[in-house]
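Commentary on secondary and tertiary structure
Read off the chains here:
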Amino acid sequence: MRTILKVDHLFKDFSGLEVLAGVSIEIREGERHAVIGPNGSGKTTLFNIITGLYRPSHGRIYFFDKDISGWPAHRIARTGISRSFQVINVFPKMTVYENVRSAVVSKFNRRFNWVSLLDRDKPIEEETFRIIELLSLTDVSDVPAFELSYGKQRHLELALTMSREPVLIMLDEPTAGLNSEETKGAIQLIRRLTEGKTLLLVEHDMDVVFNLADRVTVLGYGTILATGTPDEIQAHEEVKKAYLGRK
Amino acid sequence: MRHLPLRRLAWLLFAAFLVLFPSLFREIRVHIATEVLTYALFAVSFNLLFGYTGLLPFGHAGFFGLGAYAAALIISHIHGMPVLVTLLVGALAGFVAAIIIGSVCVRLSGAYFALISLSFQMFLFAVAYEWRSVTNGDDGMSFVRPDLYLPLLGKISLQNFNNLYYLTLVLASMGIIGCYFVLKTPLGNAMVCVREKDVRASFLGYNVFLVKLTAFAISGLMAGLAGGLFAIYQEVVATTCIDNNMSMIPVLMVVIGGPSHFLGPVLGAAFYVVLQDWISSMTGYWMIIMGAIFVLIILYLQGGLASLFTSSRVWRGGE
């Protein structure tokens with residue numbers, strides 16, 4: 001299996017506070033890879049650097065053969081990396097339909113089109129409805145995002161992440177704040193949506209991780225403690241001590 | 001959005017009202033209507049940034065004033081330049097300046113954006129004030145309104161106020177309708193995305209900087225056109241059309257009219273100009289009354305006057 005994303009000796013410090021100290025990860029095409037670690041271990045920072053929200057202090061990131069280190073977020077998004085956020089990050093005053101449509105417009109590379117009316121664009125409309133249906137949001141498609149229930153907002157967050165048909169999907173704690181019933185549904189949904197795609201996942205909930213992931217990387221205060229299959233990780237002495245042991 | 005026949009009829013009646021305005025009212029009213037149209041375009045251009053892109057510029061008079069000065073300089077120095085070309089150059093002056101100034105401003109947001117846009121406008125004001133050999137400083141440049149030549153119609157004197165009204169009506173409406181259509185395109189949608197959540201927009205592939213800069217440039221273009229129309233209407237251009245007061249006028253108009261409705265700024269412009277004319281005919285302290293109205297609207301009617309006419313929620317709503 002070829003490597004789709006390669007993170008090579010990544011360092012990040014925020015004015016003296018070193019959050020990542022030489023992290024290297026390889027994500028293989030088609031796998032579901034989870035990154036776990038205690039609070040403050042740098043999981044979200046890693047996500048933010050890969051997707052271009054922050055620039056790395058040192059180290060390089062390769063997506064296929066392209067060196068994308070330090071690229072701006074919008075450029076990285078266009079290469080086929082799409083992410084969700086730990087805190088809901090949607091367009092609050094737009095309806096679900098308008099939210100998803102904005103993502104579809106971008107996928108169709110029509111972002112700067114200023115001569116055709118958006119409301120009359122059939123292909124964009126059809127694709128938008130397809131995604132809305134895929135995420136079971138049809139019954140709320142005319143509701144502004146801020147009026148949705150938390151669970152539905154999570155779905156919308158996923159819809160925005162998925163609608164560009166990304167090659168690499170990055171989900172930052174997709175089940176944060178959901179109850180156990182909703183979490184089960186979310187796992188099903190994520191499994192269905194990422195079928196045949198590559199998933200990189202940050203998650204706190206170990207049930208989610210061991211349910212979804214093919215491989216797991218454990219991050220501990222800026223460095224990689226271990227990488228392996230869920231079984232290997234559960235058996236790993238150092239990991240047990242640092243993280244799982246507390247359970 | 002479906003257009004009800006009733007709504008179309010209302011628009012038709014409104015258009016007819018605007019066309020027939022000069023035959024229905026006295027000349028002084030036509031003056032005021034011309035002023036309203038000019039300010040309406042200025043306020044709409046401001047609201048592209050404030051209401052739709054989520055940027056609050058405190059220095060929008062910079063582009064308005066550049067348009068006005070460009071028009072005045074052309075009329076004073078290049079004899080025989082067609083009026084429409086003069087106005088186009090004024091609009092382009094606003095456009096080009098907005099691209100240059102915007103490429104610095106839109107890197108910032110919130111209060112910093114407001115302040116840096118204000119500083120650029122103050123710089124332009126200082127140039128207009130100090131560079132007396134060109135701009136005549138605060139005495140201003142006065143000129144005679146040139147005639148308009150149109151194919152088929154021939155010479156049209158703009159000394160006739162009705163003709164000036166129609167020129168302003170056509171150009172301001174074109175500008176305002178143009179803005180309306182831009183907002184209905186993917187580009188307009190991108191502007192709203194940036195306002196709603198710029199981080200999310202960039203992770204969907206939108207270049208936030210470029211979207212903001214484009215909005216800024218279109219806004220500058222329209223403000224420049226409004227400035228040119230203002231110059232031709234006034235037959236004099238002085239530093240008052242590029243100063244801080246002029247920058248605050250669209251802010252007031254948009255807040256009064258309502259930033260979350262496309263026509264809010266138009267309503268605000270009409271309200272502002274008409275009220276100013278009416279109160280100032282009675283007392284010299286019209287600013288106090290205007291200020292009080294402004295405070296009341298901010299306190300009790302945050303959606304502006306437009307929210308009185310629109311019942312349902314409007315997703316484009318500003319803050």
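The structure displayed is predicted, hence computed values, not measured ones. (Residues numbered from 1 in each chain as written. Chains lettered and ligands numbered in written order. Predicted model: local features only at pLDDT ≥ 70, side-chain atom pairs only at ≥ 80, totals over all residues.)

Further remarks concern the environment of A:Gly177. Residue and element names in this part refer to chain A. Tracing the chain through its elements places glycine 177 in the loop between strand S7 (168-172) and helix H6 (180-193). Among the residues examined, glycine 177 registers 14 C-beta atoms within 10 Å and is labelled partly exposed. With 23 residues separating them along the chain, glycine 177 and arginine 154 place their C-alpha atoms 9.3 Å apart. (Helix = DSSP H or I, 4+ residues; strand = E, 2+ residues; numbered from the N terminus. Buried ≥ 20, exposed ≤ 12 C-beta atoms within 10 Å, placed from the backbone.)

A few words now on the interface of chain B and chain A. Each partner contributes residues to the interface: chain B has 21 residues there, and chain A has 31 residues. Among the elements of the structure, helix H7 (161-184), helix H8 (186-196) and helix H9 (198-203) of chain B are those that each provide at least two residues to the side of chain B that touches chain A. Top contributing element to the side of chain B that touches chain A by residue count: H8(B), with six residues. The residue makeup of the side of chain B that touches chain A, split by class, is 11 nonpolar, six polar and four charged. (Contact = placed C-beta atoms within 7 Å. Nonpolar A, V, L, I, M, F, W, Y, C, P; charged D, E, K, R; others polar.)

All names here are of chain B. Look at helix H2 (residues 27-53) against helix H12 (residues 264-280): their axes get within 8 Å of each other, and the N-to-C directions meet at 140°. By the angle between their directions, the pair H2 and H12 is classed as oblique. For the pair H2 and H12, the sense of crossing is right-handed. In this structure, H2 contributes Ile32, Glu35, Val36, Tyr39, Ala40, Ala43, Val44, Phe46 and Asn47 to the contact, and H12 contributes Pro265, Val266, Gly268, Ala269, Ala270, Val273, Val274 and Asp277. Class assignment of the residues belonging to the contact of H2 with H12 gives a composition of 13 nonpolar, two polar and two charged. (Axes fitted to C-alpha atoms, helices over the stretch in contact; angles between N-to-C directions. Parallel < 35°, antiparallel > 145°, perpendicular 65-115°, else oblique. Left-handed = near helix turned anticlockwise from the far one by under 90°.)

Helix length check: helix H5 (residues 150-162) of chain A (13 residues) gives 18 Å between terminal C-alpha atoms against 18 Å at 1.5 Å per residue, within 8%. Along H5(A), the positions that sit buried rather than exposed are A:Arg154, A:His155, A:Leu156, A:Glu157, A:Leu158, A:Ala159, A:Leu160, A:Thr161 and A:Met162. Taken together, the buried residues of H5(A) touch strand S6 (81-83), helix H3 (96-107), helix H4 (122-134), S7 and H6 of chain A together with H9 of chain B. (Expected span 1.5 Å × (residues − 1).)

Our next topic: the packing of H2(B) against helix H11 (residues 244-257) of chain B. Residues and elements named next belong to chain B. Running from N to C, H2 and H11 cross one another at 80°; their axes reach a closest spacing of 9 Å. When the axis of H2 is compared with that of H11, the two are roughly perpendicular. Contacts between H2 and H11 involve Tyr39, Phe42, Ala43, Phe46, Asn47, Phe50 and Gly51 from the former and Ile249, Pro250, Met253 and Val254 from the latter. Residues that form the contact of H2 with H11 fall into these classes: nine nonpolar, two polar and no charged.

The next point concerns the nonpolar core. In terms of nonpolar packing, the biggest core is built from 162 residues, with A:Ala159, B:Ala40, B:Leu41, B:Ala43 and B:Ala269 touching the most fellow members. In terms of residue count, helix H10 (residues 208-234) of chain B provides more of this core than any other element does, 16 residues in total. The two domains that each donate at least three residues to this core are domain 1 (1-80 + 166-247) and domain 2 (90-165) of chain A. For A:Ala159, the contacting residues outside a window of four places in its chain are A:Val100, A:Ile131, A:Ile132, A:Leu135 and A:Leu137. (Core = buried A, V, L, I, M, F, W, Y, C linked by C-beta atoms within 7 Å. Domains from an automatic or database assignment.)

This next bit is on H8(B). H8(B) sits mainly inside the fold: 11 of its 11 residues count as buried. Those residues of H8(B) lying buried are B:Pro186, B:Leu187, B:Gly188, B:Asn189, B:Ala190, B:Met191, B:Val192, B:Cys193, B:Val194, B:Arg195 and B:Glu196. Of the surrounding elements, those touching the buried residues of H8(B) are H3 of chain A together with H2, H7, H9 and H10 of chain B.

In this model, A:Tyr221 sits at a positive phi of 45°, which is unusual for a non-glycine residue. For B:Glu235, which is not a glycine, the phi torsion comes out positive at approximately 60°. Among the secondary structure elements, B:Glu235 is positioned in the loop between H10 and strand S4 (236-237). Owing to 15 C-beta atoms within 10 Å, B:Glu235 belongs among the partly exposed residues under this scheme.

Attention now goes to the sheet that holds strand S4 (residues 58-63) of chain A. Residue and element names in this part refer to chain A. The four strands lie next to each other as S2-S1-S4-S5, forming an open sheet whose pairing is antiparallel. Looking at which strands have only one partner, the edges of the open sheet turn out to be strand S2 (17-28) and strand S5 (66-67). Here strand S1 (residues 3-14) pairs with S2 via nine bridges, running antiparallel. Counted as the bridge partner of aspartate 13 is glutamate 18 from S2. (Pairing = 2+ DSSP bridges.)

Interfaces are often sized by the amount of accessible area the parts lose when they come together. Residues and elements named next belong to chain A. Each assigned domain of chain A is listed here: domain 1 (1-80 + 166-247) and domain 2 (90-165). In this complex, domain 1 contributes nine residues to the contact, which on the side of domain 2 involves eight residues. The element contributing the most residues to the side of domain 1 that touches domain 2 is H6, with three residues.

Looking now at the confidence of the model for chain A. Residue-level pLDDT values for chain A average 89, and 98% of them are 70 or greater. Here helix H9 (residues 237-242) of chain A stands out as the element of chain A with the lowest mean pLDDT, 76, in contrast to H3(A), whose mean of 94 is the highest. (pLDDT = per-residue confidence, 0-100.)

To continue, consider the pairing of strand S9 (residues 215-220) of chain A. All names here are of chain A. Note: strand S3 (residues 32-36) against S9, four bridges, orientation parallel. Bridging from a neighbouring strand, alanine 34 pairs with valine 216 of S9. Here S9 pairs with strand S10 (residues 223-228) via five bridges, running antiparallel. When the sheet's bridge partners are listed, threonine 217 is paired in S10 with threonine 227. Connecting S9 to the antiparallel partner S10 that follows it, the hairpin turn spans two residues, and tyrosine 221 within it adopts a positive phi of roughly 45°.

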